[in-house]
Amino acid sequence: MSGAVDSAGLRRLLDKEEIRENLYRYARGVDRRDWEMFRSTYHPDAHDDHGPYKGDVDGLVEWVSRRHALIEQSQHLVGQIAIDFLSDDVAVSETYEITTQRYSNEAEETIRSWVGDTRVADDDRLEIIMYARMVDRAERRGGAWKVARREVVIEQVYWRIIAADEVSTASAPLVRGPEDAVFRFLRAGA
């Protein structure tokens, strides 16, 4: 076997990395409530089936931002990503993810969607742990790989009520927006 790297193989590796980076930007965008970053991971005419929400990107951004306004903590942990190419500009990816989220009792609508009529006392929190897969049709258009169609397959959801005295933040207050540490570091530059 030759030590030379062929250009087609290199192009395929770069395509896979761009698809993966797009998935990582999606996770950062939703967890840090950066809705422009979140939106940028989709083509403008994309369709998303997120379970309760099925529709276009504008509707998805509105739906997710409304739900996340009352989510105190959110982490989308991206696991293995299998990418199969249908052509040079079309791929199907399957991404395993574990999502943890913490809700205050103010998120009544979202809490009902997960646990029915279970009540969360004023100072308590609801914690959700969800195991899911994102199945995407990614397309390269204008040189950029983005999601053209997504279906979120939720496999398991676990939840528990956390008493007020169990809730703590280890290193710093939770910030889900432009004042988060990652955005402060990016603004500061090199």
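Our structure is the block above this text.
Figured I'd write up the structure that's included with this text. Quick caveat, the model's predicted, so the values are computed rather than measured. (Residues numbered from 1 in each chain as written. Predicted model: local features only at pLDDT ≥ 70, side-chain atom pairs only at ≥ 80, totals over all residues. Heavy atoms only, no water.)

As a further point, take the packing of aromatic side chains. Throughout the structure, instances matching the rule amount to seven aromatic pairs. Measuring from ring centre to ring centre gives 5.3 Å for Tyr-26 and Phe-38, while their planes differ by 35°; the resulting arrangement is tilted. Of this pair, Tyr-26 sits in helix H1 (residues 7-31) while Phe-38 sits in helix H2 (residues 35-40), placing them twelve residues apart in sequence. Note on accessibility: Tyr-26 and Phe-38 belong to one class, buried. Through a chain of ring-to-ring contacts, the aromatic side chains of Tyr-26, Trp-35, Phe-38 and Tyr-42 assemble into a single cluster. Above the ring of Phe-85, the side-chain terminus of Arg-12 is found at 3.8 Å from the ring centroid. (Phe/Tyr/Trp six-rings, centres within 6.5 Å; stacked < 30°, edge-to-face > 60°. Helix = DSSP H or I, 4+ residues; strand = E, 2+ residues; numbered from the N terminus. Buried < 20%, exposed > 50% of the residue type's maximum accessible area, 1.4 Å probe, protein only. Lys NZ or Arg CZ within 6 Å of the ring centre and 35° of its normal.)

Attention shifts here to the pattern of salt bridges. Applying the stated criterion to the full structure yields 19 salt bridges. When the shortest N-O distance is used, the salt bridge between Asp-89 and Arg-140 registers 2.7 Å. Linking Asp-89 in the loop between strand E3 (71-87) and strand E4 (90-104) with Arg-140 in strand E5 (residues 125-141), this pair joins segments that are 51 residues apart in sequence. The class of Asp-89 is partly exposed, set by a relative accessible area of 36%. Counted as one network, the salt bridges with shared partners bring together Arg-11, Asp-15, Asp-89 and Arg-140. (Salt bridge = Lys/Arg side-chain N within 4 Å of Asp/Glu carboxyl O.)

Judged by nonpolar contacts, the single largest core of 33 residues is most densely connected at Ile-19, Phe-38 and Tyr-42. Here this core takes six residues from E5, the largest share from any one element. If near-sequence neighbours (up to four positions away) are discounted, Tyr-42 is found in contact with Tyr-26, Asp-48, Val-57, Leu-60, Lys-146, Val-147 and Arg-150. (Core = buried A, V, L, I, M, F, W, Y, C linked by side-chain atoms within 4.5 Å. Contact = heavy atoms within 4.5 Å.)

Attention shifts here to the sheet that holds strand E6 (residues 144-162). Read from one edge to the other, the open sheet built from six strands follows the order E2-E1-E6-E5-E4-E3, with strand pairing classed as mixed. One side of each edge strand has no neighbouring strand; the edge strands of this open sheet are strand E2 (54-56) and E3. The average angle at which neighbouring strand axes cross in this sheet is 15°, direction not considered. The pairing of E4 with E5 spans 15 bridges and is classified as antiparallel. Among the inter-strand pairings, Val-92 is bridged to a residue of E5, identified as Arg-137. In the packing of helix H3 (residues 57-68) onto the sheet, the strands contacted are strand E1 (42-49), E2, E3 and E4, and the crossing angle to E1 comes to about 60°. (Pairing = 2+ DSSP bridges. Axes fitted to C-alpha atoms, helices over the stretch in contact; angles between N-to-C directions.)

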